[in-house]
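# Descriptive analysis of the structure
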Amino acid sequence: MNIAPVAYRYARSLMELAQERGVLAGVEEDMRLVARTCEANRELVVLLNSPVVKADKKDKILSAVFAGKIGAITTSFMSILVRKGRERLLPHVATAFSILYKISKNIVVAQVTSAVPLDAATREKVMALAAKQHPGKSIELVELVDPALICGLSIRIGDELYDGSVSRQLSDMRREFSKNPYIP
């Protein structure tokens, strides 16, 4: 997902407010819930993007969806977004908040995509690689299974990508064969 710079500004403002009030961990959980909810409910995102639905109706719907599940600061923040006409940014702000939170807590995400679930030994090797690349930081391991890789692993640690999958190797071979330097 491509996150707009304005979403980072809103997320940074929310983070500063949460730190000031001493509820940063709670707001981070709230924003993770908001991100998961928006990701799982396409209808909610369509509603937030709709120019036909009035702002007060959107505010009531968001309040009903998240009633009792999120804190007062997050609820007020979402109301401000709606009042300012920026409700369509809510999923992006939630994602940006999680990214900024992890940066502030020195957490590096190591995302491993494999064709089959990882075993314990491979999981430990990935954690060791991530710890070696980012000493002194906490590592959060995210495991994804994608049978399209055929075999091998794709590891993303921060901004770095290590791709040892068979599907990438086949893609590289296709690209090389398409050049076809042979002239009859």
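Below is a summary of the structure that appears in this document. Since the structure is predicted, the reported quantities are computational estimates derived from the model, not experimental observations.

With that out of the way, let us pick up the overall build of the protein chain. When you go through the protein chain residue by residue, the secondary structure sums to eight helices and four strands. Secondary structure elements of the protein chain occur, N-terminal to C-terminal, as α-α-α-α-α-α-β-α-β-β-β-α. By the compact-globule yardstick of 16 Å for 184 residues, the protein chain is too spread out, its C-alpha radius of gyration being 21 Å. Projected onto its principal axes, the C-alpha positions of the protein chain cover 70 × 45 × 25 Å. Taking all 184 residues of the protein chain together, the buried fraction comes to 32%. In the protein chain, once contacts between residues fewer than 6 apart in sequence are set aside, the share between residues at least 24 apart is 72%. Distance from the positive charge centre (26 side chains) to the negative charge centre (20 side chains) of the protein chain: 6 Å.

Once that is clear, we can look at unusual backbone geometry. Negative phi values dominate among residues other than glycine, just as trans dominates among peptide bonds. For asparagine 106, which is not a glycine, the phi torsion comes out positive at approximately 55°. For asparagine 106, the position within the fold is in the loop between α6 (90-104) and β1 (107-114).

Within a regular strand, side chains alternate between the sheet's two faces. The pairing of β1 with strand β2 (residues 138-145) spans eight bridges and is parallel. Its bridge partner lying in β2, glutamine 111 is registered against valine 142. With helix α7 (residues 120-133) bridging β1 and its parallel neighbour β2, the resulting β-α-β unit is right-handed. Bridge count for β1 against strand β3 (residues 153-157) is five bridges, and the pairing is antiparallel. Looking at the pairing, serine 114 lines up with leucine 153 of β3.

Calculation notes
- Residues numbered from 1 in each chain as written.
- Predicted model: local features only at pLDDT ≥ 70, side-chain atom pairs only at ≥ 80, totals over all residues.
- Heavy atoms only, no water.
- Helix = DSSP H or I, 4+ residues; strand = E, 2+ residues; numbered from the N terminus.
- Rg over C-alpha atoms; globule rule 2.2 N^0.38 Å.
- Buried < 20%, exposed > 50% of the residue type's maximum accessible area, 1.4 Å probe, protein only.
- Contact = heavy atoms within 4.5 Å.
- Lys, Arg positive; Asp, Glu negative; His and termini not counted.
- Charge placed at Lys NZ, Arg CZ, Asp CG, Glu CD.
- Pairing = 2+ DSSP bridges.
- Right-handed = clockwise from strand over helix to strand, strands pointing away.

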